[in-house]
Amino acid sequence: MPPDSRHSNFKKLQKKFYERYVLNVAPDLLGKIFVRRIGNIILSGRIVETEAYDGKIDAAAHSYNGKTIRNAVMFEGTGLLYVYFTYGMHYCANVVSGGRDQGQAVLIRGIEPIDGITHLSNNRFGNIMLSNKQHLNLTNGPAKICKAFNITKEQNGIDLTGNSIYILDADLPPNSVIIKTTRIGIKKSVDLPWRFYIKDNPFVSKKSG
DNA sequence: CCACGGATTGGCT
DNA sequence: GCCAATCCGTGGA
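Just so you know, these numbers come straight off a predicted model, no measurement behind them.

Q: Just give me the short version of the side chain of glutamate 112, but keep the residues and values in it.
A: Relative to the helices and strands, glutamate 112 is located in strand S5 (residues 104-113). No salt bridge is formed by the buried glutamate 112; the nearest opposite charge belongs to arginine 46, separated by 4.6 Å. A polar contact is formed between the side chain of glutamate 112 and the side chain of asparagine 201, at a distance of 2.9 Å.

Below is the structure:
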């Protein structure tokens with residue numbers, strides 16, 4: 001059973017965690033608990049899949065060609081939430097790392113739901129949980145996560161050390177095996193092994209890669 | 001199970 | 001004007 005963040009003593013990750021290089025932050029986010037508070041409602045889940053992007057050396061990063069309106073948050077500080085809009089209909093959420101003006105971020109690609117599952121389901125499908133198939137399809141992809149957690153451009157730039165969206169420290173489940181492989185859905189820097197996930201977790205978006 | 005293409009907006013060239 | 005750090009439905013093996 002995953003932990004219930006409402007009843008845990010887990011501590012919120014602080015600036016020091018996010019300040020490190022993105023290739024350290026991305027795998028270290030695996031197992032941590034992503035939390036969104038909306039009034040009295042708590043939505044949460046364990047992070048099971050991430051990807052690193054480093055604009056200094058990585059042509060696939062949005063920050064690769066410098067700061068623009070869209071990617072500005074990637075340059076504006078450590079531990080911020082960078083939310084971008086893509087394919088005309090989807091949002092994806094990232095954690096800014098490394099420090100100001102570094103252009104580094106970790107894309108959150110897979111989450112195992114913990115708290116507020118009926119709310120996550122209502123946000124995602126427009127009704128409460130119906131089937132096991134829907135349960136597994138809730139947050140196993142970056143845009144699915146934003147849909148379920150109701151994250152849009154409104155949340156772009158939120159400080160993750162605040163009280164609305166944050167990440168709790170937590171240990172990996174026992175016997176977890178971390179897979180390091182290539183990233184998904186990009187056309188540049190395709191060979192960099194900058195994707196990380198927990199082996200055999202059902203909320204990883206894709207097994208191979 | 002796998003491959004393919006449509007949806008649909010806004011950022012950037 | 002091009003096309004994206006995606007998702008989902010369809011159609012064939």
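Now that the structure has been shown, we can carry on.
Q: Explain the protein's contact with DNA strand B to me, using residue names and the numbers behind them.
A: The full set of residues close to DNA strand B is Thr68, Arg70, Phe85, Tyr87, Gly88 and Met89. Backbone atoms, meaning sugar and phosphate, make up 57% of the atoms of DNA strand B lying within 4 Å of the protein. Contact distances for DNA strand B include 2.4 Å between a phosphate oxygen and a side-chain N or O atom of threonine 68. In the model, a base oxygen of DNA strand B is placed 2.4 Å from a nitrogen or oxygen of the tyrosine 87 main chain. Of the residues belonging to the surface near DNA strand B, the class tally is three nonpolar, two polar and one charged.

Q: Pulling in residues and values, what's your account of unusual backbone geometry?
A: We note that asparagine 150 has phi near 55 degrees; this positive angle belongs to a residue other than glycine. If you trace the backbone, asparagine 150 turns up in the loop between helix H5 (142-148) and strand S6 (165-168). Positive phi values are uncommon outside glycine, yet aspartate 200 reaches one of about 70 degrees. Relative to the helices and strands, aspartate 200 resides in the segment after strand S8 (195-198). Of the residues examined, aspartate 200 reaches a relative accessible area of 64% and is grouped as exposed.

Q: An account of the nonpolar core is requested, with residue identities and associated values reported.
A: Core analysis: the largest hydrophobic core is formed by 38 residues, its most contacted members being Leu29, Phe149 and Ile167. At four residues, the largest contribution of residues to this core is made by strand S2 (residues 41-54). When near neighbours in sequence (up to four residues on either side) are disregarded, isoleucine 167 contacts Lys11, Lys12, Leu13, Tyr18, Leu29, Lys32, Ile33, Phe34, Ile47, Val95 and Leu160. Grouped together as the second largest cluster of nonpolar side chains are 15 residues, Phe75, Val96, Ala105 and Ala143 included.

Q: Outline the protein's contact with DNA strand C, supporting the account with residue identities and numerical values.
A: Taken together, 21 residues surround DNA strand C, and among them His62, Tyr84, Tyr87, His90 and Asn94 come closest. Alanine 143 has a polar backbone atom sitting 3.0 Å from a phosphate oxygen of DNA strand C. If you list the elements that add at least two residues to the surface near DNA strand C, you get strand S4 (90-97), S5 and H5. Among the residues making up the surface near DNA strand C, the classes are represented as 11 nonpolar, six polar and four charged.

The rules we used
- Residues numbered from 1 in each chain as written.
- Chains lettered and ligands numbered in written order.
- Predicted model: local features only at pLDDT ≥ 70, side-chain atom pairs only at ≥ 80, totals over all residues.
- Heavy atoms only, no water.
- Helix = DSSP H or I, 4+ residues; strand = E, 2+ residues; numbered from the N terminus.
- Buried < 20%, exposed > 50% of the residue type's maximum accessible area, 1.4 Å probe, protein only.
- Lys, Arg positive; Asp, Glu negative; His and termini not counted.
- Salt bridge = Lys/Arg side-chain N within 4 Å of Asp/Glu carboxyl O.
- Polar contact = N/O pair within 3.5 Å; in protein donor to acceptor, adjacent residues only side chain to side chain.
- Near = heavy atom within 4 Å.
- Nonpolar A, V, L, I, M, F, W, Y, C, P; charged D, E, K, R; others polar.
- Core = buried A, V, L, I, M, F, W, Y, C linked by side-chain atoms within 4.5 Å.
- Contact = heavy atoms within 4.5 Å.

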